[in-house]
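Survey of secondary and tertiary structure
Take a look at the letters that make up each chain.
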Amino acid sequence: MTTQPEPAAGVVLRKDLQPAVEAPQLSRARRAVLAVARPLPNRQQLAASARWWAVHLLRVAPWLPLLVLRELRPIGRGLGDLLHRWSTWVSAQDRHEYAKAAEGNLKAKQGLAASKTQTARRWLSLAAVLVALTAGVWAWLRQPLTLAAAAILVAAALDWHGRRLLPGADPLPAAVQVPRVLDDGVPLSQITASILETLEREGFEPGSVGVAEPLVYDHDRHEYRISLATRDEIKPEHLRAIERAVGARDYAVRNLATDTATVRQLVIRVGDPLATPVERPWIPTGSRSIVEGITLGVSATEVPFTIPFAGVHIRIVAGTGGGKTSWLLRSIIDGLSACHDVVIGGIDITNGPELTLWRDVIQYKGFDPASADKVLDKALAEIDRRSKILSAIAEDDDPDNDAAEWHSGLGPAFVVLVDEFSQLAAFDGRTGPTNTGGLNLLAKCEQIVRTGRKHWVSLVMLTQKTGNSDFGSTTMQTQCAVTIAGPCDQQDANRIFGADRREAGYTPHLLRPGVEGDARDAGKVFVESPWHRTPDIYRAYAPGTTAEVKRRARQRIEDGLPRLDSTLPAEVLDAVEVPPVLAAVEAAFRDAGCPERMATAELLDRLADAGLTLTSGKLADEVRPAGLQPTRWHKAGSSPVRGYRWVDVERAIREIT
Ligand SMILES: Nc1ncnc2c1ncn2[C@@H]1O[C@H](COP(=O)(O)OP(=O)(O)OP(=O)(O)O)[C@@H](O)[C@H]1O
Ligand SMILES: [Mg+2]
């Protein structure tokens with residue numbers, strides 16, 4: 001049995017409650033302390049606080065050695081410098097050098113003195129070190145505080161000396177911070193400053209380059225333009241430096257001449273305004289003249305992509321997929337066939353489908369070597385015929401007749417388009433496995449390019465490369481007044497434009513040829529022509545669908561195309577408008593020796609030989625307005641023959657004239 005302990009004095013027990021402890025009486029001083037004292041943080045607060053400190057100290061910890069090292073480094077540098085000076089002093093180096101420079105006896109004497117000095121200094125140094133060590137040990141034992149203070153003083157002196165030895169500011173200029181054109185929000189003034197700075201860095205006299213027209217951004221053309229006034233020439237290497245400085249792409253900066261000799265316009269291309277192919281517009285048949293030039297596509301500048309074709313030989317170079325056939329050739333055929341004064345011949349020995357698509361819009365076709373030979377013969381015959389006409393005009397007495405060159409008043413131009421020209425050029429007269437007949441198509445082409453210009457008989461040659469084997473000879477290349485270059489090899493770009501113009505921005509090798517399903521840069525070209533003198537990119541109209549090409553071809557043929565009139569006599573040239581078909585009929589009769597009658601079948605054959613392919617109905621339709629009608633006659637023992645009479649032809653022409 002447990003006994004209840006006696007209640008302590010001062011504790012009052014109440015029967016109904018647990019025993020309670022009465023608060024002890026506190027002294028006044030203790031109560032005052034307790035009033036001021038704050039409660040100690042509880043355990044959780046303590047842990048949080050400890051964690052905070054631990055984390056922050058841990059963060060700082062890895063840097064501590066670095067901080068120490070940072071402070072030790074100048075002390076070490078100061079000490080090193082002091083030791084180096086001391087060792088130089090001890091070795092009496094200067095005195096030895098002085099002695100070496102002396103002559104004869106003096107040299108020996110001074111050398112000896114220098115050695116003595118060196119020995120003396122060594123002993124002195126040794127003594128000083130011993131004294132210092134002894135003093136240090138004594139102080140360590142007797143006056144550690146003084147030693148510590150002295151050590152701190154020495155360290156501070158070495159630190160100060162070491163910091164003084166730190167190399168000064170970098171003698172090279174800090175890297176130039178230049179804005180990048182392509183960055184958004186760079187003010188134009190800053191880009192201008194950047195261009196001027198770059199030119200100064202490249203050696204232009206400071207202040208010698210002025211801004212003639214401030215920098216502007218052309219949204220449509222995706223270009224920046226600025227005109228600079230400078231007497232010094234802005235060379236391609238300066239343009240490359242500007243590209244690097246402003247962050248433009250390679251060859252994005254072009255240097256264009258202006259009306260004023262000392263002002264140059266710089267154009268910085270930052271985007272591709274030709275990225276989206278443009279559909280080829282329909283130009284009504286006969287609504288244009290070759291004299292105006294043919295617009296083949298779109299341009300990103302104010303110079304249109306319009307090429308002169310009248311008597312101009314053209315070479316078009318682009319690697320495979322560059323867009324020669326479906327972009328350029330298609331635009332050329334479509335554009336030429338809209339003219340009322342062009343007859344088109346087409347040669348493709350590889351027999352690609354493009355020329356076939358255009359049917360009789362191509363009036364003279366050469367899809368194999370033999371037929372190509374005929375087309376070239378036709379061109380040469382036309383040159384010959386025209387030169388006779390020009391001579392006849394030169395001999396006549398009419399002062400108004402212009403005999404110098406062919407013009408649209410005398411008849412249509414004859415343009416022969418040759419796709420894959422290198423295949424044609426391979427037929428150079430040498431008999432081989434492909435040229436079994438020993439055809440010399442190249443020689444005929446050379447003759448055309450040499451003599452065809454002023455008779456408006458010209459060649460347009462499309463090829464993948466520019467080597468002599470591709471064009472057959474240098475003659476073929478040098479006679480071309482227009483060069484169009486699409487995506488190609490760097491070598492070809494060099495051969496076409498030369499290194500200088502490549503540096504000036506003629507860079508077809510940077511264009512990317514198209515691949516199946518992705519046109520990339522197909523159809524984009526650089527152009528050199530009498531009208532194109534700057535390294536701008538142009539893009540041919542988009543090829544469109546095959547169905548559209550066929551539809552246009554049909555329409556052109558329905559609308560009627562001009563024909564080569566092989567026998568238009570010189571004396572009637574400037575006289576009257578004899579309809580070409582009637583003139584051709586007359587020529588056919590004359591060729592045949594002016595027979596009394598000619599059967600329609602024979603007449604159509606003769607017209608076809610002269611390049612005029614017609615049906616009997618179409619022929620009748622063509623000559624009816626001139627009053628010429630077919631007639632019938634009977635040959636003995638056979639069915640009636642339909643044909644035309646020479647007297648009727650003569651009368652029809654007489655009535656017109
Ligand atoms: N109708 C079209 N629409 C859009 N892109 C086309 C069309 N036809 C062709 N292309 C693109 O154009 C590119 C160039 O084709 P094209 O046949 O004209 O080249 P090319 O220079 O004649 O090549 P090659 O020397 O091999 O004949 C093709 O790779 C294709 O990507
Ligand atoms: Mg092709």
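Residues numbered from 1 in each chain as written. Chains lettered and ligands numbered in written order. Predicted model: local features only at pLDDT ≥ 70, side-chain atom pairs only at ≥ 80, totals over all residues. Heavy atoms only, no water.

1. Some points on the overall build of the protein
Summing up its helical and strand segments, the protein has 21 helices and 18 strands in all. Put simply, the protein has 657 residues, and 40% of those count as buried. When contacts within the protein are restricted to residue pairs at least 6 apart in sequence, long-range pairs at least 24 apart make up 66% of them. Accessible surface computed for the protein: about 37,600 Å², of which carbon and sulfur atoms make up 56%. (Helix = DSSP H or I, 4+ residues; strand = E, 2+ residues; numbered from the N terminus. Buried < 20%, exposed > 50% of the residue type's maximum accessible area, 1.4 Å probe, protein only. Contact = heavy atoms within 4.5 Å. Areas by Shrake-Rupley, 256 points an atom, 1.4 Å probe, with all protein chains shown as cover.)

2. A look at the confidence of the model for the protein
This prediction gives the protein a mean pLDDT of 86; 90% of its residues lie at or above 70. By mean pLDDT, the top-scoring element of the protein is helix α9 (residues 324-337) (97), and the lowest-scoring one is helix α4 (residues 93-101) (81). The low-confidence segment residues 9-15, where pLDDT is below 50, has 4 contacts with residues more than four positions distant or belonging to other chains. Scored below 50 in pLDDT, residues 566-576 makes 19 contacts in the model with residues more than four places away or belonging to other chains. (pLDDT = per-residue confidence, 0-100.)

3. Describing helix α21 (residues 646-656)
In an α-helix there are 3.6 residues to a turn, and that puts residues three or four apart on one side. For α21, the set of buried residues is Trp646, Asp648, Val649, Ala652 and Ile653. Around the axis of α21, the buried residues are gathered within 165° of arc, so they sit on the same side. Opposite the buried face of α21, at more than 90 degrees from it, the exposed residues are Arg654 and Glu655. Check the buried side of α21 and you find it contacts α18 (580-591), β17 (631-633) and β18 (641-645). (Arc of directions from axis to C-beta.)

4. Focus on the site of ligand 1
Taken together, 18 residues are adjacent to ligand 1, and Thr320, Lys324, Thr325, Ser326 and Gln464 come closest. Thr325 has a polar side-chain atom sitting 2.7 Å from an oxygen atom of ligand 1. Interatomic distance of 2.8 Å between a backbone N/O atom of Val515 and an oxygen atom of ligand 1. When ligand 1 sits alone it has 640 Å² of accessible area, and the protein chains cover 69% of it. The residue inventory of the shell around ligand 1, partitioned by class, reads 5 nonpolar, 10 polar and 3 charged. (Near = heavy atom within 4 Å. Polar contact = N/O pair within 3.5 Å; in protein donor to acceptor, adjacent residues only side chain to side chain. Nonpolar A, V, L, I, M, F, W, Y, C, P; charged D, E, K, R; others polar.)

5. Some points on the sheet that holds strand β16 (residues 597-599)
An order of β16-β18-β17 is seen for the 3 strands of this open sheet, with the pairing classed as antiparallel. Looking at the sheet topology across the chains shown, the edges are occupied by β16 and β17. Averaged over all pairs of adjacent strands, the angle between their axes in this sheet comes to 50°, without regard to strand direction. Here β17 pairs with β18 via 3 bridges, running antiparallel. Note on β18: the bridge partner recorded for Arg632 is Arg642. Relative to the sheet, helix α19 (residues 600-609) contacts β16 and β18, its axis offset from that of β16 by approximately 80°. (Pairing = 2+ DSSP bridges. Axes fitted to C-alpha atoms, helices over the stretch in contact; angles between N-to-C directions.)

6. Description of the nonpolar core
Membership of the largest hydrophobic core comes to 46 residues, with the highest contact counts inside it found for Phe309, Leu336 and Ile484. Beyond its immediate stretch of four places on either side in the chain, Ile484 contacts Leu296, Ile307, Ile314, Arg315, Ile316, Val317, Leu328, Val525, Phe526 and Val527. Formed by 39 residues, the second largest nonpolar core is a distinct cluster that contains Ala372, Leu380, Val416 and Ile537. (Core = buried A, V, L, I, M, F, W, Y, C linked by side-chain atoms within 4.5 Å.)

7. Observations concerning the sheet that holds strand β10 (residues 362-366)
Taken in spatial order, the 9 strands line up as β6-β15-β14-β13-β8-β12-β11-β9-β10 in an open sheet, and their pairing is mixed. Where the open sheet ends on each side, the last strands, each with one partner, are β6 (297-299) and β10. The mean angle between the axes of side-by-side strands here comes to 25°, regardless of whether they run parallel or antiparallel. Running over the sheet, helix α11 (residues 369-395) touches β9 (342-347), β10, β11 (413-418) and β12 (457-463) and is turned about 130° from β10.

8. Focus on the packing of aromatic side chains
Taken as a whole, this structure holds 8 aromatic pairs when the rule is applied. Both rings, one in Tyr364 and one in Phe414, keep their centres 5.3 Å apart while their planes meet at 70°; by these two values the pair is edge-to-face. Here Tyr364, found in strand β10, pairs with Phe414, found in strand β11; they are 50 residues apart in sequence, far enough to count as distant. Taking relative accessible area as the criterion, Phe414 reaches 0% and is therefore assigned buried. With 6.2 Å between their ring centres and 50° between their planes, Tyr506 and Phe526 make a pair best called tilted. In this pair, Tyr506 is assigned in the loop between α16 (490-503) and β14 (524-528) and Phe526 in strand β14, connecting sequence segments 20 residues apart. The residues Tyr506 and Phe526 share a single accessibility class, namely buried. Three or more aromatic residues link up through ring pairs in this structure, and these residues are Phe497, Tyr506 and Phe526. Taking the ring centre of Tyr506 as reference, the NZ or CZ of Arg501 above it sits at 5.9 Å. (Phe/Tyr/Trp six-rings, centres within 6.5 Å; stacked < 30°, edge-to-face > 60°. Lys NZ or Arg CZ within 6 Å of the ring centre and 35° of its normal.)

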